[in-house]
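Coordinate analysis (summary)
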Amino acid sequence: MTEINWEDAFCGEGNSCFRIGTDNEGNAFIAVLGEEDRYLTDSQDALRNLIRDIKAGKADHLL
């Protein structure tokens, strides 16, 4: 099983809290706080691009 190094939770307005993590194989993970056993995974580049698009206003929320 892959060991995920989770960062501190990011909580926006309201009840949306997310955690981002990485592993030693170059994968990135995102999960709702408290549900880290149910996560989405992709490459670190894909997650980085998703975050950039959100910051650029291309999406106003993740879910």
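For the structure, see preceding data.
So, here is what we can say about the structure in this document. All figures in this text were calculated on a predicted structure; none of them were measured in a lab. (Residues numbered from 1 in each chain as written. Predicted model: local features only at pLDDT ≥ 70, side-chain atom pairs only at ≥ 80, totals over all residues. Heavy atoms only, no water.)

1. Quick notes on the state of the cysteines
Enumeration according to the criterion identifies one disulfide in this entry. Each sulfur in the disulfide pair C11 and C17 lies 2.1 Å from the other. Across the S-S bond linking C11 and C17, the dihedral sits near 120°, which makes this disulfide right-handed. In this structure C11 comes out as partly exposed when scored by relative accessible area, which is 42%. Using a relative accessible area of 17% as the deciding quantity, one classes C17 as buried. (Disulfide = S-S within 2.5 Å. Buried < 20%, exposed > 50% of the residue type's maximum accessible area, 1.4 Å probe, protein only.)

2. Thoughts on the pattern of salt bridges
This model, assessed by the stated rule, comprises three salt bridges. With a shortest N-O distance of 3.0 Å, R38 and E35 are connected by a salt bridge. Classification of R38 as exposed rests on a relative accessible area of 62%. The closest approach of N and O atoms between R48 and D45, which form a salt bridge, is 2.7 Å. Of this pair, R48 and D45 both sit in helix α1 (residues 44–55), separated by three residues, roughly a single helical turn. Residue class for R48 comes out partly exposed when judged on its relative accessible area of 35%. (Salt bridge = Lys/Arg side-chain N within 4 Å of Asp/Glu carboxyl O. Helix = DSSP H or I, 4+ residues; strand = E, 2+ residues; numbered from the N terminus.)

3. Structural notes on α1
Since one α-helical turn is 3.6 residues long, residues separated by three or four positions face the same way. Taking 1.5 Å per residue, twelve residues should reach 16 Å; α1 reaches 17 Å between its end C-alpha atoms and fits that length. Trailing α1 by a residue or two, G57 shows a phi angle of about 85°, which is positive. (Expected span 1.5 Å × (residues − 1).)

4. Things to note about the packing of aromatic side chains
Tallying each qualifying case throughout the model produces two aromatic pairs. Residues W6 and Y39 carry aromatic rings whose centres are separated by 6.4 Å and whose planes lie at 65° to one another, so their mutual orientation is edge-to-face. Pair noted here: W6 is in strand β1 (residues 5–6) and Y39 is in strand β5 (residues 39–43), with a separation of 33 residues, a long-range link. For Y39, a relative accessible area of 32% gives the class partly exposed. Each ring, one from F29 and one from Y39, has its centre 5.0 Å from the other, and the planes form 85°; the classification is edge-to-face. Of this pair, F29 sits in strand β4 (residues 27–32) while Y39 sits in strand β5; the two residues are ten residues apart in sequence, bridging distant segments of the chain. In this structure F29 comes out as buried when scored by relative accessible area, which is 4%. Among the aromatic residues, ring-to-ring pairing joins W6, F29 and Y39 into one connected group. (Phe/Tyr/Trp six-rings, centres within 6.5 Å; stacked < 30°, edge-to-face > 60°.)

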